[in-house]
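# Examination of the molecular architecture
Residues per chain, in single letters:
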Amino acid sequence: MTHLARLRRDRALVLLMAPGIAYFLVFHYVAMFANVIAFKEYVPFVGVGGSAWVGLDNFQALLGDAGFWAAALNTVLLSLLQIVFFFPLPVALAMLLYSVTRGSVRKFVQSVVYLPHFVSWVIVVALFQQVLGGAGLLNGLFGDGNAHLIDVIGNPDAFKPLMVVELVWKDCGWGTIIILAALHNVDDGLYEAAAIDGAGPWRRFWHVTLPSIRAVLVLLLILRLGDVLTVGFEQILLQRDAFGADAAEVIDTFVYYQGIVQGNWGFAAAAALFKGLVGAVLVFSANKIAHRLGEQGVYR
Amino acid sequence: MSLAVFDRKPDSAPDRSEGRTPAPRRTDRRTPPPRRTGRPAWMEKPKPLTRAGKAVALALTVALVVIPFWVVLATSFAPDQQVVDNGGWALWPQEWSFKAYDKILSGGVVTHALLVSAGVTVFGTLASLVCTVFLAYALARPGVVGGKPVMLMVLFTFLFPPGMIPSFLVVDGLGLRNSYWALVLPVLISAFNLVVIRGFFQGIPEELYEAARLDGAGELRTLFTIVLPLSKAVIAVVGLFYAVSYWNDFFRAVLYLDDAGMWPLQTVMRQYVTQGQNLTDDASAAGLAVQAPQTMRMAVVVLGTVPILCVYPFVQRYFAKGVLTGAVKS
């Protein structure tokens, strides 16, 4: 069938697709094109097309900028903390939930732990202030008078651990969904056979559960590694001022303050582009490594 | 390139006139995975210590989630004096007072912001659902003209999402700044939601589409009378995702709306609750004790949470149905 004939046959479908295609073209592909300002001295008044090309000047300035490297270091540190302390928790919680044999209990706990995922970061930050803040619940209950027992909110040293704890509180429960699905897909016969062969709970976990959900865990780890330069823009932007830029500036907030707030458009776009390229390289390499280890990875 | 996570099966059917027999696991996707209830015969009875440990861990998990919500709720309903005496919080109101809610709901900044949020959420969710469902339906039909390149175009955006600066330039270039369109259009379709819905539509047996076509139904009619009634669960979940993302967004307003009077609730909340600015711009009110408006601040937080709490139970039961995991290769 020629393309024209197929177009005629599918004209209704093409009409249905039109708004969606227009959205992706304008807000993703035209936007992608707007990244060229990383190679320009962008002046809003003359627009993207009219601004002068400056080659790699913005990238040169970026690589020589101490603020950028400080932000990059914060980002990577925070990301590693998240991978080490956040990543295993949904797995553990999912195991715990899966081991609950009473359906009603499991459902109740699931409903409760999924909930924080749907609450905005503004509210999460407010909740944490109300519980951990100087005028909050814990200091009120256990601190004696003027001395603050818990000095977390606004303390730069506590910033990174606090970000991880907030993330755990918000998304640990939600993270169990995908693990639970993987656990449900494990053939019960394997457990039964292992039990009959005399394997106790730990050996069943080690020899049946873990190998069965390994592919999913590897997949999640790859996705997380590819995102190592992304650490929750909204969460950090909301708390950056309270903790100070030294502790709390990450690449995404750096881009926001340099570009939108201070108007160094080309410079900020260069930082974002740099981050995107490094991220893409990371996903590709992590995926390649996964293939080499015999896993399926994210894509072929 | 094909993203294995999101593509259960590549669009291999070249022409949709060739009927395909649905593989059994595709129809299986919507039936929940077998639930284990009760202990299987081969599993040993857990030791009392293990059981107690598990019970404590579960209770602790639930408590850690619930307590922060409770403190905020209790503080918002407590009398001002109690909150001030405590230093900014209350675990149990001495008497239940609605004064804080009366104040913030009797017109003014918060009331207006609440209306803005509600409007953006309702309109945005509808617009997003319509556009997503239309595109997903067309892309789910095997052999549709342009289907492959369009799907690739969508999947590619997973790898390279548009950055903040380019998005800002596009919104600015379209003249959408300082208009509520800027809160909706840049995030109209989520590629993830699109892939979820498309995957679900593909799981509907091809015979149903053919029966509809033989009966003379056009595409729109097939979509509305055959496909959508079968897809209530996935539409509900994706609708919740869209609604929550519109309701929760504070940043787009900061970015695109220069006039604070236009701001939605979350943006206003950020200013008054987490940044601790005073709720009224009135100079005399600014002189009040810092703790005095704490009940009002917490009432704003409650108002920001309640709509989600209201919708959540109705949609939550669909999560388990494999709607989400259907998009992920198991």
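Residues numbered from 1 in each chain as written. Chains lettered and ligands numbered in written order. Predicted model: local features only at pLDDT ≥ 70, side-chain atom pairs only at ≥ 80, totals over all residues. Heavy atoms only, no water.

This part covers the overall build of chain B. When helices and strands are counted, chain B shows 16 helices and zero strands. Taken over 330 residues, chain B has a buried fraction of 52%. Residue pairs in contact within chain B that sit at least 24 positions apart in sequence constitute 73% of those at least 6 positions apart. (Helix = DSSP H or I, 4+ residues; strand = E, 2+ residues; numbered from the N terminus. Buried < 20%, exposed > 50% of the residue type's maximum accessible area, 1.4 Å probe, protein only. Contact = heavy atoms within 4.5 Å.)

A tally of regular secondary structure across chain A gives 16 helices and two strands. By residue count, 50% of the 300 residues in chain A fall in the buried class. Carbon together with sulfur atoms contributes 67% to the accessible area of chain A, which is approximately 13,900 Å² in total. (Areas by Shrake-Rupley, 256 points an atom, 1.4 Å probe, with all protein chains shown as cover.)

With that settled, the discussion passes to the packing of aromatic side chains. In this structure the tally under the stated criterion is 36 aromatic pairs over all chains. Here the aromatic rings of Trp 202 of chain A and Phe 205 of chain A are separated by 6.1 Å at their centres, their planes lie at 90 degrees, and the arrangement is edge-to-face. Pair noted here: Trp 202 of chain A and Phe 205 of chain A are both in helix H12 (residues 201–226), with a separation of three residues, about one helical turn. With relative accessibility at 70%, the residue Trp 202 of chain A sits in the exposed group. Judged by relative accessible area, which is 24%, Phe 205 of chain A ranks as partly exposed. Ring centres of Trp 265 of chain A and Phe 168 of chain B lie 5.3 Å apart, and the angle between their planes is 25 degrees; this geometry places the pair in the stacked category. Placement of Trp 265 of chain A in helix H16 (residues 265–292) and of Phe 168 of chain B in helix H7 (residues 164–173) is noted, with the two residues assigned to different chains. A residue is classified by how much of its surface remains accessible, and Phe 168 of chain B, at 6% relative accessible area, is buried. Three or more aromatic residues link up through ring pairs in this structure, and these residues are Trp 70, Phe 77, Trp 92, Trp 96, Phe 98 and Tyr 101 of chain B. When the ring centre of Trp 53 of chain A is taken as reference, the NZ or CZ atom of Lys 40 of chain A above it lies at 4.5 Å. A cation over an aromatic ring shows up here: Arg 141 of chain B above the ring of Tyr 209 of chain B, its NZ or CZ 3.8 Å from the ring centre. (Phe/Tyr/Trp six-rings, centres within 6.5 Å; stacked < 30°, edge-to-face > 60°. Lys NZ or Arg CZ within 6 Å of the ring centre and 35° of its normal.)

A few words on empty space enclosed by the protein. Residue and element names in this part refer to chain B. Per the counting criterion, the structure on display carries four cavities of 30 Å³ or more. Together, Ala 78, Asp 80, Ser 97, Lys 99, Ala 100, Lys 103, Thr 295 and Met 296 line the second largest cavity. For the lining of the second largest cavity, the elements supplying multiple residues, two or more each, are helix H4 (99–105) and helix H16 (294–323). Here the element with the most residues in the lining of the second largest cavity is H4; it accounts for three residues. Considering only residue class, the lining of the second largest cavity consists of three nonpolar, two polar and three charged. (1 Å grid on protein atoms, 1.4 Å probe; cavity = no way out; pocket = protein on both sides within 12 Å on 5 of 7 lines; lining within 4 Å. Points joined across faces, edges and corners; volume = space filled by probe spheres on them. Nonpolar A, V, L, I, M, F, W, Y, C, P; charged D, E, K, R; others polar.)

Next up on the list: the interface of chain B and chain A. Often, the extent of an interface is quoted as the loss of accessible area upon association of its parts. Contacts between the two partners involve 100 residues from chain B and, on the opposite side, 100 residues from chain A. Across the chain B/chain A interface, buried area totals approximately 8,700 Å², and carbon plus sulfur atoms make up 74% of it. There are one salt bridge connecting chain B and chain A. Our count for the chain B to chain A interface comes out at 16 residue pairs in polar contact (both at pLDDT 80 or more). In terms of residue count, the dominant contributor to the side of chain B that touches chain A is helix H2 (residues 48–77) of chain B (14 residues). In terms of residue class, the side of chain B that touches chain A is made up of 68 nonpolar, 20 polar and twelve charged. (Buried area = accessible area lost by both parts, 1.4 Å probe. Salt bridge = Lys/Arg side-chain N within 4 Å of Asp/Glu carboxyl O. Polar contact = N/O pair within 3.5 Å; in protein donor to acceptor, adjacent residues only side chain to side chain.)

It is worth spelling out the environment of Asp 57 of chain A at this point. Considering the arrangement of structural elements, one finds Asp 57 of chain A in helix H4 (residues 57–63). Classification of Asp 57 of chain A by relative accessible area gives partly exposed; the value is 44%.

Turning next to the UniProt feature "transmembrane region" (unreviewed entry) in chain A. Residues and elements named next belong to chain A. UniProt marks residues 12–31, 68–98, 118–138 and 265–284 with the feature "transmembrane region" (unreviewed entry), using the numbering shown here. Between the end C-alpha atoms of residues 68–98 the distance is 44 Å, and the span holds 97% helix and 0% strand. For residues 118–138, the helix share is 67%, the strand share is 0%, and the end-to-end C-alpha distance is 25 Å. (UniProt positions renumbered as here; feature names shortened; annotations may be inferred.)

Here we come to the layout of surface pockets. Considering only enclosed or pocket space, the second largest pocket measures out at about 1,200 Å³ in volume. In this structure, the second largest pocket is lined by 30 residues; those nearest its centre are Ser 99 of chain A together with Met 43, Pro 46, Thr 50 and Lys 54 of chain B. Secondary-structure elements contributing two or more residues to the lining of the second largest pocket are helix H6 (88–99), helix H11 (188–196) and H12 of chain A together with H2 of chain B.

Phe 118 and Tyr 256 of chain A together with Ile 165, Ile 189, Phe 201, Phe 251 and Phe 319 of chain B are the most contacted members of the largest nonpolar core, which totals 182 residues. It is helix H5 (residues 109–140) of chain B that contributes the most residues to this core, 15 residues altogether. Setting aside residues up to four positions removed in sequence, Phe 201 of chain B forms contacts with Val 133, Ala 136, Tyr 137, Ala 140, Tyr 209, Leu 223, Val 227, Leu 228 and Ser 231 of chain B. (Core = buried A, V, L, I, M, F, W, Y, C linked by side-chain atoms within 4.5 Å.)

This paragraph deals with the pattern of salt bridges. Scanning the model with the defined rule gives ten salt bridges over all chains in all. Between Arg 141 of chain B and Glu 206 of chain B there is a salt bridge whose closest N-O contact spans 3.5 Å. Of this pair, Arg 141 of chain B sits in the loop between H5 and helix H6 (147–159) while Glu 206 of chain B is found in helix H10 (residues 206–214), placing the two residues 65 residues apart along the sequence. Of the two residues examined, Arg 141 of chain B and Glu 206 of chain B, each falls in the buried class. Each of the salt bridges in this network shares a partner with another, and the network as a whole consists of Arg 240, Asp 241 and Glu 249 of chain A.

What follows covers the environment of Gly 140 of chain A. Assignment of secondary structure puts Gly 140 of chain A in helix H9 (residues 137–142). Residue classification places Gly 140 of chain A among the partly exposed positions, given a relative accessible area of 35%.

When you tally the buried positions in helix H14 (residues 265–274) of chain B, you get ten out of ten residues, the bulk of the element. Regarding H14 of chain B, the residues found buried are Leu 265, Gln 266, Thr 267, Val 268, Met 269, Arg 270, Gln 271, Tyr 272, Val 273 and Thr 274 of chain B.

A contiguous nonpolar patch, built from Leu 141, Phe 142 and Leu 149 of chain A together with Leu 91, Trp 92, Trp 96 and Phe 98 of chain B and spanning about 790 Å² of accessible area, is present on the exposed surface. When you line up the elements, Phe 142 of chain A lands in helix H9. Phe 142 of chain A sits in the exposed class, given a relative accessible area of 56%. (Patch = residues over 30% accessible without salt bridge, like charges linked within 9 Å, V, L, I, M, F, W, Y side chains within 5 Å.)

Together, Arg 102 of chain A together with Arg 39, Lys 45 and Arg 51 of chain B make up a positively charged patch on the protein surface. One can find Arg 51 of chain B in helix H2. Accessibility expressed as a relative area gives 48% for Arg 51 of chain B, which makes it partly exposed. (Lys, Arg positive; Asp, Glu negative; His and termini not counted. Charge placed at Lys NZ, Arg CZ, Asp CG, Glu CD.)

Let us now look at the side chain of Arg 198 of chain B. Within the secondary structure layout, Arg 198 of chain B lies in helix H9 (residues 191–203). Engagement of the side chain of Arg 198 of chain B in a polar contact is seen with the backbone oxygen of Leu 139 of chain B, the distance being 3.3 Å.

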